[in-house]
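Report on the structure
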Amino acid sequence: MLKFAGKRVGMMIISLFIIILITFIMMHAVPGGPFTRERELPEKVEKALNEKYKLDDSLPEQFFDYIKGLVRFDLGPSFKYQGITVNDFIENGFPISAKLGGVTLVFILLSAIPLGIWSALKNGRWQDGAIMLIATLGVTIPSFIVATLLLYLFSYQLNIFPTYGLESWQSYVLPVLALGGYSMAFIARLMRSSLLEVMGQDYIRTARSKGLSETQVVVKHGLRNALIPVITILGPTVANLLTGSFVIEKIFAIPGMGVYFVDSVGQRDYTAIMGITVFYATFLLVMTFIVDLFYLMIDPRIKLD
Amino acid sequence: MKKRIIKILSFVLIMSLLLSVFTACGSKKDDQGESSVADEEASDDITEQPEDSGEQKIIVSLNNEPDGIDPNITSNSFAAPFLANCFEGLVTVDENSELIPGLAEKWEISEDGKTYTFTLRAGLKWSDGSDLNAEDFVYSAERVLTPETTAEYVNMLSDYIVNAQEFFDGEVEFSEVGVEATDENTLVYTLNEPTPFFLDVLSMPVYAPVQKATIEANGDQWTLSPEAYVTDGPFKVIDMKMGESVTLAKNEHYYNADQVKIEEITFRYIKDDATALSAFQKGEIDCARNVPAADVPKLKAETNDLYTIPQYATTFYLINNSVAPFDDVNVRKALNLALDREAIIANVLQSEDMAASALVSPGYSVDGKDYADGRSDYDINPQGDVEEAKRLLAEAGYPDGEGFPTLELSYYTDEQVKLVVEAMAQMFKDNLGIEVNISNEEWAVYFENVKAGNYQVAAMGWGADYLHPMTFFPLFVSTDQLNNSFYGNEAYDSAVAASKVIQDPAEGIVAMREAEDILMADYPLIPLYHRSTNLLMNGRVKGWNLTPTNNFYFRNAYIEDSD
């Protein structure tokens, strides 16, 4: 186990390095620089800015400097926002994104898994049809449409929930539904199909013939195996939810990290692009790692070496 | 078997543990901002029941965060609401866009028009209560002119003040620059040339004083916390939440604090205009600074809260004057005449914008006479003149568009611009019989291509920095960095240079109009319209002022009790 963990951490560091390198190269390959503002800067000011942010150095030098900062957890100053560092973006934005994402994750787990199970147990009946219809809609309708519809209906027309921000518990309802809709629908479908598959296996028949009650069969024998695909998908889902969504944060005016991630690319805010990518990549790698560890614990048939 | 169930349970437990950690992070943040959350709740109350509360607090949504709010550094238009309310320079503008005394009580201009002597009001103070005097202006100028400051509007000083450029280039000491505090309350600017629009330039935030003490103590962090952000204007900052909001409160040390009625302004970033609109309609905010363009016609019919304010700005299309066939004035004129600007404004933009037939926007007036009054339309009438356009194109050697290469029409990625460009392309096709190819790129790439001359006809625009026609003219001066049209005409260059130094404002207008006549005879651009901006403001908020140069003043604003 320890050997496995050590190996994986080593792999993660290598993956991360490759991600940093590719992001760095691609970022500099895209035309347009960070100081193309809405208004043209005087040449001499642009020169001073290039000097200030060391953009006159050669690319390898810049890359090396970046890595040197990174090992000290210093993600550098934002090229766009004066006096603000990329660490500030993450320190300010991540807790907000993570809080919304965390609530959404709880909502997804508490709704998608029971719905999927119920749907599988009522396979072919109207309950199954209804749940799957909603789930299919959830997977196919993009979140910005869901968000806009929810806002229009529950905030503007019915005036039940506030329009923007995360100031009260009520203000969580709409963003959580919009943010979690897709994952909830996806996981419910996954749970259903996976449970249906498992329930057709021989060992389930054996369990039934042992005289176990249906509940015991489902919970003890069916679910445990059926949950594995769901756990697989949870790694990236958790990473996605907690690091913030551009669309949802923009529509509900939530000051999380998602908006900066997308805006920084358009603005060629080099350090912000790098820093947020590194943060997101690390998060994703760690989540995948945790999920793999759980496989080991849950299913002894899985060997990770 | 049980063991495995325990494992599953432990997975769920650990997951929820992780979650609670994140949630805890989040709630910690909330605790820090507890006082301001309470404030917001209080202001929610007044939104719902304005008549019951005498509280002078408003919430204004902005759809973009400024890249900084240092008045010396930023040229970002999103910073304007903060700078206009937190900083005041020697002069400022009133609700009629007339220049009025700001921190200066009065000023004298020498006969040769090159020396400006300002007398400051007595007893001026910073928002932290310390004294503000003429030396603070000198410090601010020195800071702007130091290259490491990276002041984006440095040209507004270095172009006019004696030895300012030389100091920036490291050739002279600052003591030789033409900014001097002759005593505590007297400030003298010495200029290279008589510059009749210097007072207009001087009203820009880049000329506002900044406090040396806080900048030396906090470095580039001085704009990032309410305590460090020392201001001299009607308001100061009391709360900042990155990416979320900035709250201003009345500055008790402002010289005219008695007249400032608004106690608090919360600028809340709502980056989606549709969200801001519904928040406004529900009364959650008092003002939506940006309105979705598609909703404007409907709002105009339905509410009195929509304000359309003409901006001192021109939206135009650059023509690359250096490449064939656009090096032919007949081709350029034909492109100008082939457009039905009225139809674009009425049907595509559905706005109150004004069809443009020249570079300089109306809005600057002397003795009640606008610069644009009586100006020629240079044959560019709002409906266009298709017959004449065709004739000109034939004269250029392309009868009915035959043999004309496919016109490349480019724009920066923007939904509204896209609609305009498509309409223009259709008009070029229908009216001139030429093929048009449309392409777009995001701004950072687009602007680089335009500067490099990789375009034929390209969407562009100019929002004035200060309220004087001279802000527009450099765009086509052959040696100016801002000129991206590859147009050069010595007669125009010298006419601009000559009109710059004419001290009498009325004579100045005449000279500038002559310069513009020279320019427009060459049709080096396609002026399209002079734009307006829309905002929604709750009717109970009075006395606010959005200027044609996009400064959003609340110093005279107040909330009127509705009963």
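The structure contained in this document is the topic of the report that follows.

Here we come to the overall build of chain A. Tallying secondary structure elements over chain A gives twelve helices and zero strands in all. Along its sequence from the N terminus, chain A presents helices and strands in the succession α-α-α-α-α-α-α-α-α-α-α-α. Structurally, chain A occupies a C-alpha span of about 85 × 60 × 30 Å along its principal axes. Taking all 305 residues of chain A together, 51% fall into the buried category. Taking the intrachain contacts of chain A between residues at least 6 apart in sequence as the baseline, contacts between residues at least 24 apart amount to 72%. Just so you have it, chain A exposes about 14300 Å², and 69% of that area is on carbon and sulfur atoms.

Let us look at the overall build of chain B. The helix and strand inventory of chain B stands at 17 helices and 25 strands. If one aligns the C-alpha atoms of chain B with their principal axes, the spans along those axes are about 85 × 80 × 55 Å. When burial is assessed residue by residue, chain B has 56% of its 563 residues classed as buried. In chain B, of all internal contacts separated by at least 6 residues, the share reaching a separation of at least 24 is 69%. When the accessible surface of chain B is split by element, carbon and sulfur atoms take 47% of a total near 22500 Å². Distance between charge centres in chain B, computed from 39 positive and 97 negative side chains, equals 9 Å.

Residues and elements named next belong to chain B. In the structure shown here, the tally under the stated rule is 46 aromatic pairs over all chains. Seen from their ring centres, F198 and Y207 are 5.8 Å apart, and the 90° between their planes marks the pair as edge-to-face. For the residue pair F198 and Y207, the accessibility class agrees, reading buried in each case. Each ring, one from Y412 and one from W443, has its centre 5.2 Å from the other, and the planes form 90°; the classification is edge-to-face. Of this pair, Y412 sits in strand β17 (residues 407–412) while W443 sits in helix α15 (residues 443–452), and the two are 31 residues apart along the sequence. What makes W443 partly exposed here is its relative accessible area of 23%. A network of ring pairs unites the aromatic residues F82, F267, Y307, W544, F552 and F554 as a single cluster. Positioned above the aromatic ring of F552, the side-chain terminus of R289 is 6.0 Å from the ring centre. Looking at R555, its charged tip hangs above the ring of Y553, at a distance of 4.2 Å from the centre.

Another point: the packing of helix α16 (residues 490–500) of chain B against helix α17 (residues 505–521) of chain B. All names here are of chain B. Two numbers describe how α16 lies on α17: the axes approach to 9 Å, and their chain directions differ by 165°. The orientation of α16 with respect to α17, classified from their angle, is roughly antiparallel. Crossing handedness for the pair α16 and α17: left-handed. Contacts between α16 and α17 involve A491, Y492, A495, V496 and S499 on the former and, on the latter, A511, M512, A515, I518 and L519. For the contact of α16 with α17, a count of residues per class yields nine nonpolar, one polar and no charged.

Residue and element names in this part refer to chain B. Tracing the backbone shows P205 in the loop between α7 (198–202) and α8 (212–218). Relative accessible area serves as the criterion here: at 25%, P205 is assigned to the partly exposed category. Look past the residues within four positions of P205 in its chain and what remains in contact with it is P71 and L83.

Below, the discussion takes up the interface of chain A and chain B. You'll often see interface size given as the accessible area lost when the parts meet. Contact residues are listed per partner, giving 67 residues for chain A and 72 residues for chain B. Regarding the contact of chain A and chain B, the summed buried area is about 6300 Å², with carbon and sulfur atoms giving 62% of it. Joining chain A to chain B, the criterion identifies one salt bridge. One salt bridge connects R268 of chain A with E442 of chain B, and the closest N-O pair in it is separated by 2.6 Å. Where chain A touches chain B, the interface holds 17 residue pairs in polar contact (both at pLDDT 80 or more). Among the elements of the structure, α2 (43–52), α4 (86–121), α6 (143–157), α9 (214–242), α10 (246–251), α11 (258–266) and α12 (270–298) of chain A are those that each provide at least two residues to the side of chain A that touches chain B.

In terms of nonpolar packing, the biggest core is built from 201 residues, with F118, Y189, Y207, Y317, F428 and F476 of chain B touching the most fellow members. Looking at this core, the element that brings in the most residues is α4 of chain A, giving 13 residues. In contact with F118 of chain B, not counting residues within four places along its chain, are L90, V91, A104, K106, W107, N185, T186, L187, Y189, L199 and L202 of chain B.

Attention now moves to helix α1 (residues 2–29) of chain A. All names here are of chain A. If you check α1, its first and last C-alpha atoms are 41 Å apart, about what 28 residues at 1.5 Å a residue would give, namely 40 Å. Burial in α1 covers these residues: F4, R8, M12, L16, I20, T23, F24 and M27. Contact partners of the buried residues in α1: α3 (59–71) and α12.

Residue and element names in this part refer to chain B. Following the sequence through the fold, N321 ends up in the loop between β13 (313–319) and α11 (329–337). Relative accessible area serves as the criterion here: at 8%, N321 is assigned to the buried category. A polar side-chain atom of N321 sits 2.8 Å from the main-chain carbonyl oxygen of I319. Within the local environment of N321, its side chain forms a polar contact with the backbone oxygen of P524, the two atoms lying 3.2 Å apart.

To continue, consider the side chain of T315 of chain B. All names here are of chain B. Mapped onto the elements, T315 comes out in strand β13. Polar side-chain contacts of T315 include one of 3.1 Å to the side chain of R531. Once residues within four sequence positions are removed from consideration, T315 is found in contact with M460, G461, P527, L528, Y529 and R531.

Attention now moves to the pattern of salt bridges. All names here are of chain B. Throughout the structure, instances matching the rule amount to 23 salt bridges over all chains. Of the charged contacts, one joins E302 and K298 as a salt bridge, the two residues approaching to 3.9 Å between their closest N and O atoms. With E302 and K298 both in helix α10 (residues 296–302) and four residues apart, this pair spans about one turn of that helix. Its relative accessible area of 48% is what places K298 among the partly exposed residues. Here the salt bridges do not stand alone but share partners, grouping E55, K57 and E264 into one network.

Parameters at a glance
- Residues numbered from 1 in each chain as written.
- Chains lettered and ligands numbered in written order.
- Predicted model: local features only at pLDDT ≥ 70, side-chain atom pairs only at ≥ 80, totals over all residues.
- Heavy atoms only, no water.
- Helix = DSSP H or I, 4+ residues; strand = E, 2+ residues; numbered from the N terminus.
- Buried < 20%, exposed > 50% of the residue type's maximum accessible area, 1.4 Å probe, protein only.
- Contact = heavy atoms within 4.5 Å.
- Areas by Shrake-Rupley, 256 points an atom, 1.4 Å probe, with all protein chains shown as cover.
- Lys, Arg positive; Asp, Glu negative; His and termini not counted.
- Charge placed at Lys NZ, Arg CZ, Asp CG, Glu CD.
- Phe/Tyr/Trp six-rings, centres within 6.5 Å; stacked < 30°, edge-to-face > 60°.
- Lys NZ or Arg CZ within 6 Å of the ring centre and 35° of its normal.
- Axes fitted to C-alpha atoms, helices over the stretch in contact; angles between N-to-C directions.
- Parallel < 35°, antiparallel > 145°, perpendicular 65-115°, else oblique.
- Left-handed = near helix turned anticlockwise from the far one by under 90°.
- Nonpolar A, V, L, I, M, F, W, Y, C, P; charged D, E, K, R; others polar.
- Buried area = accessible area lost by both parts, 1.4 Å probe.
- Salt bridge = Lys/Arg side-chain N within 4 Å of Asp/Glu carboxyl O.
- Polar contact = N/O pair within 3.5 Å; in protein donor to acceptor, adjacent residues only side chain to side chain.
- Core = buried A, V, L, I, M, F, W, Y, C linked by side-chain atoms within 4.5 Å.
- Expected span 1.5 Å × (residues − 1).

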